[in-house]
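Listed below, chain by chain, are the residues.
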Amino acid sequence: MTSRRWMRALGVALRSSHFNIASSFSQPNITQYYRANDEVSCLIRLCRAFSSLPSHTILSMPSLSPTMTQGNLIKWHVKAGDEITAGTMLADIETDKATLGFENQEEGFIAKILLPENTSNIAVGTPVAVIVEDRSSISAFATYSAGITKAPTPSSSVSTSSANTVGHATSPASYPSHTKLSMPSLSPTMERGNIVKWMVEEGTEIKPGDVLAEIETDKATLAFENQDDGFIAKIVKPAGSKDVPVGTTVAIIVEDKTSVAAFASYSETSSPAASSNAAPKEATVVPSASASAASSPAAPKTVSSSRLGPAARMLLAESGLSRDQVTPTGPKGIITRYDVAAAIAAGVKPTTAVDPAPLATPHMSAPPAAAAAAAAVPQATGPVPGSTYVDTPNTQIRKIIATRLLESKVAIPSLYLVMDTRLDEANQLRAMLLQQGIKVSLNDIVLKAIATALAEVPEANCFWDSKAQEAKQFNTVDVCVAVATEKGLITPIVKGADKKSLQQISKDVRDLALRARDNKLKPEEFMGGSFTVSNLGMMGVSHFSAIINPPQAAILAVGTSQQKAVILPSGSAGSETFMTVTLSADHRAYDGDMASKLLNAFKALIEAPSRLLM
């Protein structure tokens, strides 16, 4: 038989078994085949190896977050012999972000669990289970191992990553079984958090949904909700702890109240699990050739299957991404909802115009020139020796503001346009509405006017895509309002402002501003937006230039109203009320013509505000 015919025979065998060579034979074994045999003999041996097992599918450790390279297998929800369907929860996987469910995508039966519960540091792509289509095939996998071995000595194992939202800890003999609660990532840009207040105390029984603590993020103060049943055994980080890195253990949960007392003197530094001499109980996986290939950045892109689960299909539709833009990790190349979420979080942009969430994306990377400019910015060296000062602790919000606004000033080439607008008609409109029992502020009229202007000049409702090196339009007009709080500036969003009435905008702004000052905004209420308005007119500021809020392309700075002498149409001298506004715009997305069109559209609406009532 010719080599080409053997190649075709091998292809048939591989397709019929849905098998992955790299996950069945370790690299040394394949190399040994090729060293000891010629091409035909090698193919014969491989075909015989495949033909010894019924048709089956290898389930590998999935990639459940954009930065995940390995995971911990916390718990299996199935066992060998169980029948499974699409959507069945197979296992709980602890990633570098959180503990997530591993959902099944195929119908069949669990033939073999390759890695037991509590196995740590499993490389993405490593086989963890085998699925067969027929129950009668299960027995053939009783001794199947897929070439997975445990580390021969504890010294070759790697400690469990601490960068997880919820981590099931190693259970050394000195401590009962417990779960470590870590500082969660409550916003896309959060790196550290402050524990404002604990809502529970040691010994408290907790259930899923209970609020454990209030965490101050880089955006707001948010609730940290519990996900498990149990008891608080130890609060590791007390209320008032500041700059706690995401992933740091903040508390310990146990399943049994009798175990609480064992953690009375527990600390992360004294924990036997943290000791370098403590031998971990979990098996440590030696990554197979397939796992190494899966985690390698040079690995070729996996071709996705045509099949999609409902959750993945919905996420693709909402995000505007195509299947080709998502790397599948499900069996047989199926795209899971985690794959789509990972692509979105990684900043993958849709091929067609969609409504991105600017502030919900990771920080923009400044171009090389901007990075060089940032490096050249002189850094403050502190006060002159001998001077006195008060050291005021900085909030997370102010820290992130400092970082992002520096990025904006260094990376964005800004243009500034200043224009005076008459306010007499706007003031008359406010008085007329007040007589009807409708109270609106001048700022409400400004928001409605700029939102309508953006709808009339849609090319100005845009952002600059640094990767594509082009301006892209938003699908909706979502205007951010700069609100000063005790902890820093925050920009809640009036969504769809061009389609809302003045009365509704006024109501939304009052509600958002109140909850912003009380740190009660939800993440979706301050992450996003297509344009920002900053108004210092009530502070008596005549005019100013605001810094662009990246990745938005423009911000409108509003000054106070002033009486100015004018020549009236009758030819006599008189006075009118004016307001000065300044548009700061990203010159990569805006040019002078577009910026002028936007300001003129705004001016026309402010000076004839009856159009805003239509």
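Structure report, in brief. (Residues numbered from 1 in each chain as written. Predicted model: local features only at pLDDT ≥ 70, side-chain atom pairs only at ≥ 80, totals over all residues. Heavy atoms only, no water.)

### Description of the sheet that holds strand β27 (residues 573-586)
In spatial order, the strands read β18-β27-β26-β25-β21-β24; together these 6 strands make up an open sheet with mixed pairing. Of all strands in the sheet, those bounded by a partner on one side alone are β18 (414-422) and β24 (493-494). Pairing of strand β26 (residues 554-567) with β27, which is carried by 12 bridges, proceeds in the antiparallel orientation. Bridged to A554 within β27 is A585. The sheet strands contacting helix α13 (residues 592-607) are β18, β25 (531-535), β26 and β27, and the helix crosses β18 at an angle near 20°. (Pairing = 2+ DSSP bridges. Helix = DSSP H or I, 4+ residues; strand = E, 2+ residues; numbered from the N terminus. Contact = heavy atoms within 4.5 Å. Axes fitted to C-alpha atoms, helices over the stretch in contact; angles between N-to-C directions.)

### Points about the sheet that holds strand β1 (residues 56-60)
Strand order across the open sheet formed by 4 strands is β1-β8-β6-β3, with antiparallel pairing between neighbours. Of all the strands in the sheet, just β1 and β3 (83-84) have a single pairing partner and so form its edges. With 2 bridges connecting them, β3 and strand β6 (residues 108-113) associate as antiparallel partners. Bridge pairing in β6 places E83 opposite F109.

### Re helix α12 (residues 502-517)
Taking 1.5 Å of rise per residue, 16 residues should cover 22 Å, and α12 covers 23 Å from first to last C-alpha, within 8% of that figure. Along α12, the residues classified as buried are L502, I505, S506, D508, V509, L512, A513, R515 and A516. One or two steps after α12, the chain reaches N519, where phi turns positive at roughly 60°. (Expected span 1.5 Å × (residues − 1). Buried < 20%, exposed > 50% of the residue type's maximum accessible area, 1.4 Å probe, protein only.)

### A word on the pattern of salt bridges
If charged atoms from side chains of opposite charge come close, those side chains can pair. Applying the stated criterion across every chain yields a total of 12 salt bridges. A salt bridge links R422 to E576; the shortest N-O distance between them is 2.4 Å. Taken together, the positions of R422 in strand β18 and E576 in strand β27 put the pair 154 residues apart, joining distant regions of the chain. On the basis of relative accessible area, R422 is assigned to the partly exposed category, the value being 35%. (Salt bridge = Lys/Arg side-chain N within 4 Å of Asp/Glu carboxyl O.)

### Considering helix α10 (residues 424-435)
In this model α10 runs 17 Å from its N-terminal to its C-terminal C-alpha over 12 residues, within 8% of the 16 Å that 1.5 Å per residue would give. Here α10 has its buried residues at A426, L429 and L433. Along the long axis of α10, the arc covered by the buried residues comes to 55°, so they all point the same way. Those residues of α10 that are exposed and aimed more than 90 degrees away from the buried face are Q428, L434 and Q435. (Arc of directions from axis to C-beta.)

### Some details on the pairing of strand β10 (residues 178-182)
Within β10, 5 of the 5 residues are buried, leaving the element largely enclosed by the surrounding structure. As defined by bridge partners, β10 adjoins strand β17 (residues 249-254) across 5 bridges and the pair is classed as antiparallel. When the sheet's bridge partners are listed, T179 is paired in β17 with I253.

### Concerning unusual backbone geometry
Cis peptide bonds are those with omega within 30 degrees of zero, and the linkage from P550 to P551 qualifies with 5°. In this structure, N121 takes a positive phi of about 55° despite not being glycine. Its place among the elements puts N121 in strand β7 (residues 119-123). Unlike most non-glycine residues, Q469 shows phi in positive territory, near 55°. Considering the arrangement of structural elements, one finds Q469 in the loop between β19 (462-465) and β20 (470-473).

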